[in-house]
Each structure stands twice: as C-alpha cells, then as structure tokens.
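Overview (structure and organization)
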Amino acid sequence: MDLAKKTQQLNDRLNYIKDIFAGKHQDDITLLESRLNEFKDNAAENVEEAVATLDDLFGFMEKKLEAKLTPMDKVRIVRHPQRICLKDILENVYDNYTEIGGQDEHTNDPAVLIARAYITRRYGKKTYNQSVMVIGHEKGHGEEFRNGGSAKPWGNAKALHYMHVAETEGIPVHTYIFTPGGDPVEDYPGAGQQIAKNIYEMAGLSVPVVALISEGGSGGAEAFGLADKRLMLSHGYYSVISPEGAAAIEGRLKRGERASAELTEQCAKNLHLTAQDNLSFGYIDKIIQEPLLGARPYHYDFFRTLRQEIIRATDEIMLEANGFSLFNFSKLRRLQDPETNLDETYVRWHIKRKRRSDLIEQRQNKFMRMSRKTYINRQSILGALSDTWAEQWREVYNRLVYDFYHHQRKHYRRLWEEIEGEWLSIKQKTAKPFKDAYNKVRRIDPAAEEELTTLSKWDDESSRNSAWKWVSPKAKEDRAVTCPNSAVHGCVDLWAPDLYNEFAGVCTNCGHHFKMEYQWFMHNCFDENSIYEFNNEWEAGNPLKFPTLDERLKEAREKTKLKSGCITYEARIDGIKCVVAILAAPFRGGSVGAAEGAKLISAIDRARRKRYPLIIYSHGTAGIRIQEGTHGVIQMPRVTIAIRRYMRAGGLYLVLYDTNSFGGPVASFLGCAHYQFAMRSSNLGFAGPAVIKNTTGIDVPPDHHNCYKALSRGHIQGVWDRRDTRTNLKQALLTMGGRNLYYR
Amino acid sequence: MLDITSLLEEIKQRPYTDLSIKTPHTGIIEFTDLNEGDKVKDASGEFKEIPGTKIAVITREKNPRFIHACQKGIIQKLHKQYDKQFVEAGVEIGVLRHFLSKEEVISILLQKALHLFRAPERAKYYFAPEADKKIKISGSRSITVTDGMELFIVSRMKREVPLTYHGPEGIIYQVYFKHNQNVDVNEPLIGICPPDQLQTIEDVISRVNHEWKEQI
C-alpha cells in the first residue's frame, strides 16, 4: 500500500468534512484530526491495520454526520471542489466520448461542456453502442476559468445548437446541471434572452431529454432543465435563488454587505431546496442516492448506479414515447426492477418519426401538471363549473368553426380567387376600348378632384383630442417634479398635475418617462368599457410556509387591492379583441409565483382557444418570488410551454416592458416572445446591477439595463413612447402575428 | 516669455481653489449636519454614479433637490443664516476649498506654458507618416514642428486629408489624442513647447511630481 497516497486521501476526506460543515461538529472533527495526526506520527508499525482502523473511524463519523446534514451543508457539498463534475461522469458513466463544444479553456464558454458519447450494452452475443449528446455545466475541480459553472449567453447558445444537432441526428440528449446560476452578463443577446430561447426550444425538442440536477441554481438550471425525466442527486439542491442571495434580500442588505451565517442557514432551510423536497413537490422524477456526505470522483460504485439510472430513464422515455405494445410493456416491467442489470438488456434508442410529436406533448403535459395546488383559488364551485363548461364549448366551437368550416372555406376561396383573377383579366381586356371612350366624355366630380389633388386635413377622430381617461392620483399633488436628466439636458421642473395628467408622465424636454401606475396602461390603451377581468379570485399563497410571507402578502393585498401580482383580462383596441396580462409592480414587486404562473397560463390558453392576440404588459417585475422556492421557478418552463403552444397554434404574442423588468420572467416567458417592445426609460435584463456586482464583481454603467441598450443588443424590437402606446399596439396587431388570428 | 518657476511658486502660495456653492434655483434652503471645516467627497464610483457629499436641500414647490459637493475638499464657509429661509437662484450658500492634486497642478502649468494646437473638426487624427515613424522610434519630443508643416492626417468617414500645423515653432511636448479615437472639435491635439523652455518645464514638472503633497 502506498502510505503517502492513503494519508493524502484521508487528509482530503478530513478537509472535505471541515469545509462542508463550516465550523460545526467540532468535537467529531477534532477527534478525526487527532487520530489522523497520530497515524501520521506512528505510521511505521503495522500500517495496514492502522489504515483499516482509521478508515472505519472515518466511515463511522461520516455516517454519523450524514444524519446531521442541513440544507446549507448540502449547498456547500455541491459547491466543493472535490464534488464530482461532468468530466468525471463522462469518464465513468459513458464508455467513450469526444468533447465537441471546445476543449478546456479553448472554448467560447468553459462553463459549458458538450460531448458526443456512447453507452455500450451487451444483449446476448450482440454489442450495441448507443450514442447520446451530453450537454452540461462543468465546474471542474476548482478551475478558475470554469466560472463555477455559470454559463454565459453564448455558452447556453452553444448548448442549444448541439441540442438541435442531436435532434437532426435523432439521438437522445443527457443534460447535467451543475450551476449556481446563469452568468448575468448582458452581451448579445442578453443572459435572460438566451435562457428564454433555450427553454422555448427545449419545450419542442423532438428527441428524449434526461436531466440530472446536482446544483440547480434558478435560471441557469432552467436553460438545460426542461426534460422528459428529471433526476436529482440526493445531496444536490434545486432552488430559485442561492441561500446567500435569499439572505441578502430577507436581511435587506445593502450592496457589499454580507449576510450572517445563521440567516443564510435559515434561508436555505426555508427555501426547501433539497432533492427530497423537490421530489415531494413533484418537480423531479427520482432521487439518485449518493455515498455518505456526497459523491466524489473516487466513488466508483456510485458511478455504476448513476449509469444504470441514466440508462433506465432514457429507456423509459423511449418505450413510453413509442407507445405501448406487448414487448414494450414487458420491457418496461423489467426496467422497473432495480435488480435488472441494464447493461445486459437492450432498448433501441430511437423514436418513430410519427411518435415525435407525442413525445413533445408528453413532455409539455408533464410540466403543465406541476404546481397546480400551490396557490389559493377562491372561485365558487359554480363559477369553476361554468368556466369549465365555457372552455369545453369553446373547444367544440373551434373544431367546428376553425378546424372544419374555415379550413374548407379557405380551400374553396383559393379556387374561387384563381377563377376570379382569370375572369377579371378577360373582362378588363374586353371592356378597355369602351371604358377609354367613356372617360373622355365623362365629367369629373369637383369634390372628388379636390380630395385627390389637395392636401388632406388633420383627422381629429384618430388623434387624442381630450384628456386621458384615467389619470394618476399623483396628478392631484400640488408640487413640482425634477426630471432626472435635468443636469444633462437642462430640463425645467414640471408641475405634477401637468406631468401626471396631460403629459402622461413624460418630460416635455427630454422625453424621460416617469413611472406611472399599471392602471394608466389598462384604462388608456383600450376601448372604453371593453375590459373584462377574469380569474381575479386566484390568490397568491405561501406554499412553503415561508416565515412572515403571509403577513407581507396580506399587506400587499390591502395596499394594492390585488390578490396576486398578475391581472388578466380581455379587452378591445379599436374593436380588435385581445387577451391581456399585466405583471403589476406594486404587488410584491411584480414577482411571479404559483398564482401568477397559473393566471398567465390560463390567460394564454384563453387566447389560444378564442384565437385572440395575447399582450403581456410587464409594468414591472423583480423576478420569480423567492419565498415560493421551486414552486416559483417551475413557472418559468410552465408558462413558456403555454406560450410555445399558443405561438405554434398561430397566435400573436406581444410583450411590452415598462419601469424595471428583471429575473426569471425575462429569462423565460417574456424573453421568448418574437415581438418585444419597451416603454422609454424602462430597464430590463437578467440580473440587476447589485446582483451583477455581487456575483461577478463587475461594476456596470448606470444605463446598462436601459431599454435602448436592450434594443442595441437585439433583445427587444422597439422602444415606444407612452403616449403612443395605443396606436403602436394597434399597429402591431395589424402588422405582426401568426396566420390563425381571427381578426385577419 | 512665461516664467514657469514663478508660476509654480504662485500656485504653491495658494494650493487650492475656492469654489462657490450657489443655489441652482429659488427655494427654501435647509443645510445638512455639515459644519465649516468638514471634509466633503466628490462624485465617486467607476461611472461617477454615486453623488458627492450632500451639503443642503433646496425645496421649491414641495420638490426637494439635493445640493451635492462637486469637488472633494473642505467646507470653508457655510452661510447658515439662510437655513430654512427662502433664497433666490444663484445665491452663494457656502464656499468649498478644493486642494489641487498633482495632475491638476501639472495641467495648469502645461496649459499656460504650452501652445495648444486644437482639432479643427470632429474626426480621428493620425500623425503624417514621416512624423509617425519618428515618434514611434524616438518619442514625440524628438520632433520639432514649424509653421506650415504637414503634421496630421484627418480621417473621417473614409475621407483622409492632410492637416497643416500653424503656430510657433517648438517640440511636441504632449500628445492629447489616442490612436483610432474620435477627437471633438476644439479639443487639443498636441501641446508645443518652445525649445528654450523645454528644460525648465521638465524640471518644474519633475519638481511637482516629487514635491507636491496633496492635502486631501
């Protein structure tokens, strides 16, 4: 036995224990330390026996400490440099692999590793090499250039590119999530925008996807996480925010201040981020048991288990997607037996072309079933029944009107148009000599001549010739307001009754847009008395029983008279019917939780069923509501899937940003829109300046998230003036969108 | 001829500038807890996004606006008699003594001692090939410029035209523009030093670099 090597191993185990418990369980650690020192000092005699005794002691202590692991200890486990990383998995789980997305630091983003790999299975005398595309975050073992597994936008773009390659080649994708979160750099196309694209595309990937979560940090995890099977390591975590981030918010810390260890520990517990919690919520399918105190690269038995579970998950998706036949059923039965050695069974990793859409639908339905009972619905039974009946009736109506009648009508209309075209051409040729002769003798109508030859007059009807329908209460204050650009542009002070009423909150000199209430948009951009609000009985809850959240929600309800941060309604713009959802900033910063997610999905479905355009107005959103933990973060894929279904059905989806929009919503259902616009002076991005400073140490310029910057980097398609919102919305409704919108 | 040594002595006698703090507009002024003799900071942060020390609040039409220190220094005078009183625009409410830094002193000296040749239009400026070659090998001070010398190339939107130097003869002491960067109209391009004053200027600058003690 190599004594030096064994001593080093034990030393590493001790340091690992010290690191993950961060000063706790000092008695046990001191005992291990003293025994190890004794062993080092007296190593000459009976080495093998001494090593075995010490090994047993370490094993015993690890077992004892395993029972005392807290959620924060698990967070420290997944972040430890000794933790297994993706390269260890590629070496030990797959039989062969080739790295294709770059090599070590010679890649556009070393935090993302991509490889073509295969798993060899033997069945009878035959050997099968089953190819997969492996995509994941690579933290490395303390390598600085890996950026801790925080993928940059181009890293996520690279991953998406290879997902499409896998789709072209018809091979499954295995994603490995080892990230504390996405890197908040806002270079093209923007961190949030790229994550949104990944989620949107993964929702429609026609090959099986298996995701394994070790460290699932919010948006960064979601970029790879929309999978058919979601496995999780027993010592991993999956959360909306890091415990430190949550502690900084809960402790209301200023920039640069650090949260206390106790508060961070408490937040980790309150966030319910462990694998066991997530399994009970239904956000993961299975937990893979790790060795005591977490898997490290020398736990070869664990890699065997992991290999079996990865194969099992992929096999299950294949069999389920290919439909139930007698053979498939018996294979599925065998797969469910934990004793079965999957290396010695064979399931073909191929999905029939006609079954691919079923696979996508199954994946989407799986996410849509999640997080259903995590908000409060105060709707009466009669109301719910009536809604269900209306939905069913609408489905039948759609089948009859759009799928049958309109389809047939389109077919005959096309035929008629061709005949009519021919007829008109013959008619014109025949009638031309007669028409020319008539025009020569015809007397021109003076009124028509004037209309055609003089300049048109200002059309009063189409312009706003009266006061705004809704005026901000701020207009009642008798005070002056200073424009924040006054030092640069020399703007004079504005009188609040003018600014918040006639000027619609816009500086008359520089055009700066002051913040206005969401009611301004709601009542001034749509036809009078056309608003019909729905689902207003759905209420934000506290599914994790997060301390003090109930009181804070109550306070928000009383202050805003809203029950959640999302308002959904039907309205008309110049007679064009549409479904609108507002993320209202006054209610808990416009954060999105389970209730908001459910309301958004319901609104999107309504727009799809009724063939109406959909407008989401982000009056302001701070991101996902952290106090709801994974119940909040799961809304990112859920709402994005609903949006995808809507857009694929031909719907027109418009997003309009106002004030400040950050975090998960921008990195999912808002960012995936093909048409995104922002109100002047608004800010949008993935993470705010304080978070960027805390995570990357970079100071960003004050205008880093300004809408014009977002326009320059290609995140949004235009910047609108608040006073022209109604006109621009109507213009957008008439010039953009899919083919199935009813008003076309 | 400018006596740069006596100019430096003059600055040494009075190593600060007194900046008058004036009200930007009418309103009721309310001072903060600052007193005469207190130190104040100017705007800080990488992008100067953190405003300087708050000196007073001026309220007009229920609209409070802060008056911040625009330079670092000490409060020399504070006219507290105006506290909670209505004041007109442009009224001095205090004096801020700003002590000159090394760079500021050098800049004052050079601006007075050198002849500045300024950009005639907004464009990118390059040295003409001959001058550029010399500068790259021996530095800018190796070139003596004369009136009518073709010294620059003005580059704007792919249009490149020569620019002739007009001014007194001398050597290029300071180059103010950078390669491939736009220079605004009237910004200095080079600072020309008369050959007989070169040694004196260099000595004085070196003295400032070694001896100048920044007070705050």
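One numbering rule holds for all chains: residues counted from 1, following each sequence as written. Chain A is the first chain written and ligand 1 is the first ligand written, with later ones labelled in order. Since the coordinates come from a predicted model, pLDDT governs what is reported: local features require at least 70, and pairs of side-chain atoms require 80 or more to be given and counted, while whole-chain, interface and lining totals use all residues. With hydrogens and water stripped out, all remaining heavy atoms of the structure feed into the side-chain values.

**Looking at the domain arrangement of chain A**
Assigned domains of chain A: these are domain 1 (3–68), domain 2 (79–368), domain 3 (473–512) and domain 4 (516–735). Domain start and end points were adopted from an automatic or database domain assignment. Look at where the C-alpha atoms of domain 1 of chain A and domain 3 of chain A centre, and you get two points 69 Å apart.

**Some remarks on the packing of helix 14 (residues 356–368) of chain A against helix 23 (residues 635–648) of chain A**
Residues and elements named next belong to chain A. For every element, the axis is a line fit to its C-alpha atoms; helices are fit only across the contacting stretch, and the angle between N-to-C directions ranges from 0 to 180 degrees. The helix count covers DSSP runs of H or I at least four residues long, the strand count covers runs of E at least two residues long, and both are numbered beginning at the N terminus. The contact between helix 14 and helix 23 brings their axes to 9 Å, and the two run at 135°. The angle between helix 14 and helix 23 falls in the class oblique. As helix 14 packs across helix 23, the resulting crossing turns out to be left-handed. Two secondary-structure elements touch here, helix 14 through Glu361, Gln364, Asn365, Phe367 and Met368 and helix 23 through Pro637, Arg638, Ile641, Ala642, Arg644 and Arg645. Residue classes follow a fixed rule: Ala, Val, Leu, Ile, Met, Phe, Trp, Tyr, Cys and Pro count as nonpolar, while Asp, Glu, Lys and Arg count as charged, and any other residue, Gly among them, counts as polar. Here the contact of helix 14 with helix 23 is composed, by residue class, of five nonpolar, two polar and four charged. Roughly parallel covers angles under 35 degrees, roughly antiparallel covers those over 145, roughly perpendicular covers 65 to 115, and oblique covers all other angles. Working rule for handedness: look at the near helix, and if it is turned counterclockwise from the far one by less than a right angle, call the crossing left-handed; if clockwise, right-handed. Two residues qualify as a contact provided that any one of their heavy atoms is within 4.5 Å of a heavy atom in the partner residue.

**Quick notes on the side chain of Arg644 of chain A**
Residues and elements named next belong to chain A. One can find Arg644 in helix 23. For the buried Arg644, no salt bridge is present, and the opposite-charge side chain at shortest range is Glu201, 4.5 Å distant. In this structure, Arg644 is in contact with Tyr200, Glu201, Ala203, Gly204 and Gln364, ignoring residues within four places of it in sequence. Categorising residues by exposure relies on relative accessible area from a 1.4 Å probe, with only protein chains included: less than 20% of the type maximum marks a residue as buried, more than 50% marks it as exposed, and the intermediate range marks it as partly exposed. Think of it this way: Lys and Arg go in the positive column, Asp and Glu in the negative one, and His and the chain ends go nowhere. Salt bridge, as applied in this entry: a Lys or Arg side-chain nitrogen positioned within 4 Å of an Asp or Glu carboxyl oxygen.

**Section: the pattern of salt bridges**
Residues and elements named next belong to chain A. Evaluation of the coordinates by the stated rule reveals 59 salt bridges over all chains. Here Glu265 and Lys24 are joined by a salt bridge, their closest N and O atoms 3.5 Å apart. One end of the pair, Glu265, is in helix 10 (residues 261–270); the other, Lys24, is in the loop between helix 1 (3–21) and helix 2 (26–41), and 241 residues separate them in sequence. Residue Glu265 is classed as partly exposed on the basis of its relative accessible area, which comes to 22%. Assessed through its relative accessible area of 24%, Lys24 is described here as partly exposed. Arg146 is paired through a salt bridge with Asp104; the nearest N and O atoms lie 3.3 Å apart. Of this pair, Arg146 sits in the loop between strand 3 (126–137) and helix 6 (153–169) while Asp104 sits in the loop between strand 1 (96–99) and strand 2 (112–123); the two residues are 42 residues apart in sequence, bridging distant segments of the chain. Classification of Arg146 as buried rests on a relative accessible area of 2%. Salt bridges sharing partners connect three or more residues here, namely Lys87, Glu99, Asp104, Glu143 and Arg146.

**Some words on the pairing of strand 5 (residues 209–217) of chain A**
Residue and element names in this part refer to chain A. Judged by how many residues are buried, strand 5 sits mostly within the fold: nine of nine residues are covered. Note on pairing: two strands pair once DSSP finds at least 2 bridges between them. With seven bridges connecting them, strand 4 (residues 173–179) and strand 5 associate as parallel partners. Each bridged residue has a counterpart across the sheet, and for Thr175 the counterpart in strand 5 is Ala211. Note on the crossover from strand 4 through helix 7 (residues 191–202) to strand 5: the handedness is right-handed. Consider the strands pointing away from the viewer: the crossover is right-handed when the path from the first strand over the helix to the second runs clockwise.

**What about the packing of aromatic side chains?**
The aromatic pairing rule takes the rings of Phe, Tyr and Trp, using the six-membered ring of Trp, and pairs them if the centres are within 6.5 Å, calling planes under 30 degrees apart stacked, those over 60 edge-to-face and the rest tilted. Inspection of the entire model under this criterion finds 18 aromatic pairs over all chains. Aromatic side chains Tyr397 of chain A and Tyr402 of chain A sit 6.5 Å apart centroid to centroid with 80° between the ring planes, which places their arrangement in the edge-to-face category. When the ring of Phe526 of chain A is compared with that of Tyr569 of chain A, the centres are 5.8 Å apart and the planes differ by 90°; the resulting orientation is edge-to-face. Of the two residues, Phe526 of chain A is situated in the loop between helix 19 (518–524) and strand 11 (532–534) and Tyr569 of chain A in strand 13 (residues 566–573); the sequence distance between them amounts to 43 residues. By relative accessible area, Tyr569 of chain A is classed as buried at 0%. Connected via pairs of aromatic rings, a cluster forms that spans Phe117, Phe127, Phe152, Tyr165 and Phe177 of chain B. A cation over an aromatic ring shows up here: Arg644 of chain A above the ring of Tyr200 of chain A, its NZ or CZ 4.9 Å from the ring centre. Sitting above the plane of the Tyr173 of chain B ring, Arg141 of chain B keeps its charged end 3.9 Å from the centroid. Any Lys NZ or Arg CZ found within 6 Å of a ring centre and within 35 degrees of that ring's normal is scored as a charge over the ring.

**A few points about a positive patch on the surface**
Together, Arg409, Lys410, Arg413 and Arg414 of chain A line one region of the surface with positive charge. With respect to the helices and strands, the residue Arg414 of chain A is situated in helix 15 (residues 381–441). Think of a patch as exposed residues, more than 30% relative accessible area, with no salt bridge, where like charges cluster within 9 Å and nonpolar side chains (Val, Leu, Ile, Met, Phe, Trp, Tyr) cluster within 5 Å. With residues, only the protein chains shown are counted as cover, and all accessible areas are computed by Shrake-Rupley using a 1.4 Å probe. Think of each charge as sitting on NZ of Lys, CZ of Arg, CG of Asp or CD of Glu.

**Let's talk about unusual backbone geometry**
A negative phi angle is the norm for most residues apart from glycine, just as the trans form is the norm for most peptide bonds. All names here are of chain A. Cis rather than trans, the peptide bond between Tyr188 and Pro189 has omega equal to -5°. As for its placement among the helices and strands, Pro189 is situated in the loop between strand 4 and helix 7. Its identity as a non-glycine residue notwithstanding, Asp574 has a phi of 50°, on the positive side. Mapped onto the secondary structure, Asp574 falls in the loop between strand 13 and strand 14 (576–583). Its identity is not glycine, yet Ser681 carries a phi of approximately 70°, on the positive side. With respect to the helices and strands, the residue Ser681 is situated in the loop between strand 18 (675–679) and strand 19 (683–684).

**So, the pairing of strand 6 (residues 229–239) of chain A**
Residues and elements named next belong to chain A. Among the eleven residues that make up strand 6, eleven are buried, leaving the element largely enclosed by the rest of the structure. The pairing of strand 5 with strand 6 spans seven bridges and is classified as parallel. Looking at the pairing, Val210 lines up with Lys229 of strand 6. As for the winding sense of the linkage, the β-α-β connection from strand 5 through helix 8 (residues 218–225) to strand 6 is right-handed. Pairing of strand 6 with strand 7 (residues 286–288) involves three bridges; the strand directions are parallel. Its bridge partner lying in strand 7, Met232 is registered against Ile287.

**A word on the interface of chain B and chain A**
Contact with chain B, which involves eight residues of that partner, is made by eleven residues of chain A. As used here, buried area is the combined drop in accessible area, with a 1.4 Å probe, of two parts when they are placed together. When chain B packs against chain A, close to 860 Å² is buried across both sides, 43% of that on carbon and sulfur atoms. Between the two partners, chain B and chain A, sit two salt bridges. Measuring nitrogen to oxygen at the nearest pair gives 3.6 Å for the salt bridge that ties Arg65 of chain B to Asp493 of chain A. Polar contacts, as used here, are pairs of N or O atoms within 3.5 Å; protein pairs need one atom able to donate a hydrogen and one able to accept it. Residues neighboring in sequence count only if both atoms are side-chain atoms. Put simply, chain B and chain A have six residue pairs in polar contact (both at pLDDT 80 or more) between them. Tallied by class, residues from the side of chain B that touches chain A come to one nonpolar, one polar and six charged.

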